[in-house]
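Structure assessment
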Amino acid sequence: MKKKLKQNQPQSVKSIILEKRHIMLEIITEFASPEKSTIEEIIRQSAFFNGHFFMDELMHHIPDMVMILNKNRQIVYINKSTLEASGLKDPDKAMGMRMGELLSCKHSNINPGGCGTSSFCRYCGAVNSILESQKERFKVDECRITTKTAEGEEALDLRAWATPIKVNGEPFTFLVLVNIAEEKKKLFLERIFLHDIMNTAVALRGFSQLIESESKEDVELKNEFLGRISFLSERIVDEINAHRQLLAAENNELQLDIKKINAKLFLEKLFNTYNRPDILETRHLITDWTSDDAEFESDPTLLGRVVGNMIKNAIEASVPGETITMGCRKDDESIFFWIHNNTYMPENIRLQVFKRSFSTKGTGRGLGTYSMKYLTDKYLKGSISFSTSEPEGTVFEAQYPLAFCKAQ
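Keep in mind that what you see is a predicted model, and the values were worked out from it rather than measured.

Thresholds applied
Once a new chain begins, its residue numbering starts again from 1 and follows that chain's sequence as written. The model is predicted, so local features are restricted to residues of pLDDT at least 70 and side-chain atom pairs to those at 80 or more, both for listing and for counting; the totals for chains, interfaces and linings are taken over all residues. Side-chain numbers here rest on the full set of heavy atoms in the structure, without hydrogens or water. Pairing of aromatic side chains requires ring centres within 6.5 Å, counting the rings of Phe and Tyr and the six-membered ring of Trp. Pairs whose planes differ by under 30 degrees are stacked, by over 60 edge-to-face, and all others tilted. Each helix is a run of H or I in the DSSP string that is no shorter than four residues. Each strand is a run of E no shorter than two, and both are numbered from the N terminus. Classification of residues uses two cut-offs on accessible area relative to the type maximum, computed with a 1.4 Å probe and protein chains only: under 20% is buried, over 50% is exposed, and between them is partly exposed. Criterion for a charge above a ring: Arg CZ or Lys NZ at most 6 Å from the ring centre, at most 35 degrees from the ring normal. Two strands qualify as a pair provided that DSSP identifies no fewer than 2 bridges between them. Working convention: axes come from line fits to C-alpha atoms, limited for helices to the stretch in contact. Angles between N-to-C directions cover 0 to 180 degrees. A cavity here means a set of points on a 1 Å grid, drawn over the protein atoms and nothing else, where a 1.4 Å probe fits but cannot get out; a pocket is an open set with protein on both sides within 12 Å along at least five of seven lines, and a residue lines either one if it has an atom within 4 Å of a point. Grid points are joined across faces, edges and corners, and a volume is the space filled by probe spheres set on the points. Charged means Asp, Glu, Lys or Arg here, nonpolar means Ala, Val, Leu, Ile, Met, Phe, Trp, Tyr, Cys or Pro, and polar covers whatever is left, Gly included. Small angles under 35 degrees read as roughly parallel and large ones over 145 as roughly antiparallel, with 65 to 115 read as roughly perpendicular and the rest as oblique. Less than a right angle of anticlockwise turn of the near helix away from the far helix marks a crossing as left-handed, whereas a clockwise turn marks it as right-handed. Only heavy atoms enter the contact rule, under which two residues are in contact if any of them lie within 4.5 Å. Here, nonpolar core refers to any group of buried Ala, Val, Leu, Ile, Met, Phe, Trp, Tyr and Cys residues whose side-chain atoms link them within 4.5 Å.

**Considerations on the packing of aromatic side chains**
With the rule as written, the count across this model stands at eight aromatic pairs. Centroid distance Phe-48 to Phe-172: 6.1 Å. Interplanar angle 85°. Geometry classified as edge-to-face. Here the residue Phe-48 occupies a position in the loop between helix 2 (39–46) and helix 3 (53–60), and Phe-172 occupies one in strand 5 (residues 170–179), the gap between them amounting to 124 residues. Taking relative accessible area as the criterion, Phe-172 reaches 3% and is therefore assigned buried. Through a chain of ring-to-ring contacts, the aromatic side chains of Phe-48, Phe-49 and Phe-172 assemble into a single cluster. The ring of Phe-336 has Arg-329 lying over it, and the distance from NZ or CZ to the ring centre is 3.9 Å.

So this is what it looks like as structure tokens:
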């Protein structure tokens, strides 16, 4: 039976806490505890922090998000920056919520237990920092959150600082979330220009010097070097354009160029682009030429970027000697492009694939799968998914409308 609440408590707090309290023991969690405090506990604990002039003045002038959480990871205090980030008008409505629920994390409502209880939460830096603080240890970690907004999905790169504190003998977590999106963008740019592009430029210079050192009579070898120089030059331009497109997309400045596309010709062009020894090394790329053919409408440049990234990721995930297969199929309304490789993705990778900045390739990488999904969802009116298993390997599949205008 529900307990009678004080009249001045917002209805949102009632529904968040009490309506679940009586079934809490039936809730199954895949990570952290699903238990939540009663509304009376939240009211009592919030009084420790709210309504104090010095506390409010100090915290509300901090530009980063500040939350104080109780032992069940529920909010009992937020500062002004957190309130603005949440989109709420009344801070009372945040009381009793958890961090992911307040920030509209797409994984916070997968399980009835809420934020922290899904399998995705096992790899959330914020949740892990909070849990570590509950062991009376300070913890800082990075957190990648995909939030749901009215315009679609938005990626947040955050650094979570979790500090254990005690007030009136009760344990709390002092949580600070810092937006590190610009730091990540800067890191990625440095990675491109100081590593990837530099490596390509060094190779380009090397082939140029080889041409100068070869005798004039060896025309065949010089032509081979010229071909390599042309390919490497195109790769540099392509890397720069790829990042430029993603920045424009995230700034809502990307303009689409919708054209009629033949599916098989599109696949053939991509096959010719990536079926090269310097890309595949000892791997093999094949096309399923029994794939369906279709005429459809899309932006060929963006679509090539997405499916091209699918191919590159499959190549990088494969071990030498393995085969990567690409193909397409259609139904009455959609065209599907799929890429298969023999590698199985373990859980820690599988649950973070489309997050911004996540990568198995090291610091400063990770925009490949994120950009695939971002461009597909927001601009190409499609969807992208994957399946993975040890016997079958991994298949990425992207779905797009045959008639782009009808999909808008």
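Once you've had a look at it, read on.
**Some details on the sheet that holds strand 3 (residues 139–149)**
Strand order in this open sheet of five strands is 2-1-5-4-3, and the pairing throughout is antiparallel. Pairing within the sheet leaves two strands with one partner each, and these edge strands are strand 2 (75–78) and strand 3. Across the sheet, the axes of successive neighbouring strands diverge by a mean angle of 30°, strand direction being ignored. In terms of strand pairing, strand 4 (residues 152–167) meets strand 5 through ten bridges, oriented antiparallel. Along strand 5, the bridge assignment pairs Trp-161 with Val-176.

**A closer look at the layout of surface pockets**
In this structure, the second largest pocket encloses a volume near 800 Å³. Examining the composition of the lining of the second largest pocket, we find that seven residues originate from one element, strand 4, more than from any other. Considered class by class, the residues forming the lining of the second largest pocket number eleven nonpolar, eight polar and 13 charged.

**As for the packing of helix 9 (residues 263–274) against helix 11 (residues 300–317)**
Axis separation between helix 9 and helix 11 bottoms out at 11 Å; the angle between their running directions is 50°. Taken as axis vectors, helix 9 and helix 11 run oblique relative to one another. Remark: the crossing between helix 9 and helix 11 carries right-handed chirality. Residues Phe-266, Leu-270 and Tyr-274 of helix 9 pack against Pro-300, Leu-303, Gly-304, Val-307, Gly-308, Ile-311, Lys-312 and Ile-315 of helix 11. Here the contact of helix 9 with helix 11 is built from residues that sort into eight nonpolar, two polar and one charged.

**Some thoughts on the sheet that holds strand 9 (residues 323–330)**
In space, the five strands of this open sheet follow the order 7-9-10-12-11, with mixed pairing throughout. Every other strand in the sheet has two partners, leaving strand 7 (284–287) and strand 11 (383–389) as the edge strands with one partner each. The mean angle between the axes of side-by-side strands here comes to 15°, regardless of whether they run parallel or antiparallel. Inspection of the sheet shows strand 7 paired to strand 9 by four bridges, in the parallel sense. Each bridged residue has a counterpart across the sheet, and for Ile-286 the counterpart in strand 9 is Thr-325.

**Brief notes about the environment of Pro-63**
Along the chain, the position of Pro-63 falls in the loop between helix 3 and strand 1 (65–69). Taking the relative accessible area as the measure of exposure, Pro-63 reaches 69% and is therefore exposed. For Pro-63 and Val-178, which are 115 residues apart along the polypeptide, the C-alpha to C-alpha distance reads 8.8 Å.

**Re the nonpolar core**
General note: in soluble globular proteins, nonpolar side chains tend to be found buried as a group. One finds Leu-303, Ile-311, Ile-335 and Phe-337 to be the most contacted residues of the largest nonpolar core, which totals 53 residues. When sequence neighbours within four positions are dropped, the list of residues in contact with Ile-335 reads Ala-263, Ala-294, Phe-296, Cys-328, Arg-329, Lys-330, Ala-398, Gln-399, Tyr-400 and Leu-402. Val-66, Leu-102, Phe-172 and Leu-177 belong to the second-largest nonpolar core, a separate cluster that totals 38 residues.

**Here we look at empty space enclosed by the protein**
The final tally for this structure, using the stated rule, is one cavity of 30 Å³ or more. Space inside the largest cavity adds up to approximately 120 Å³. Of all the elements in the fold, those that place two or more residues in the lining of the largest cavity are helix 5 (99–102) and strand 3. The class makeup of the residues in the lining of the largest cavity is eight nonpolar, four polar and two charged.

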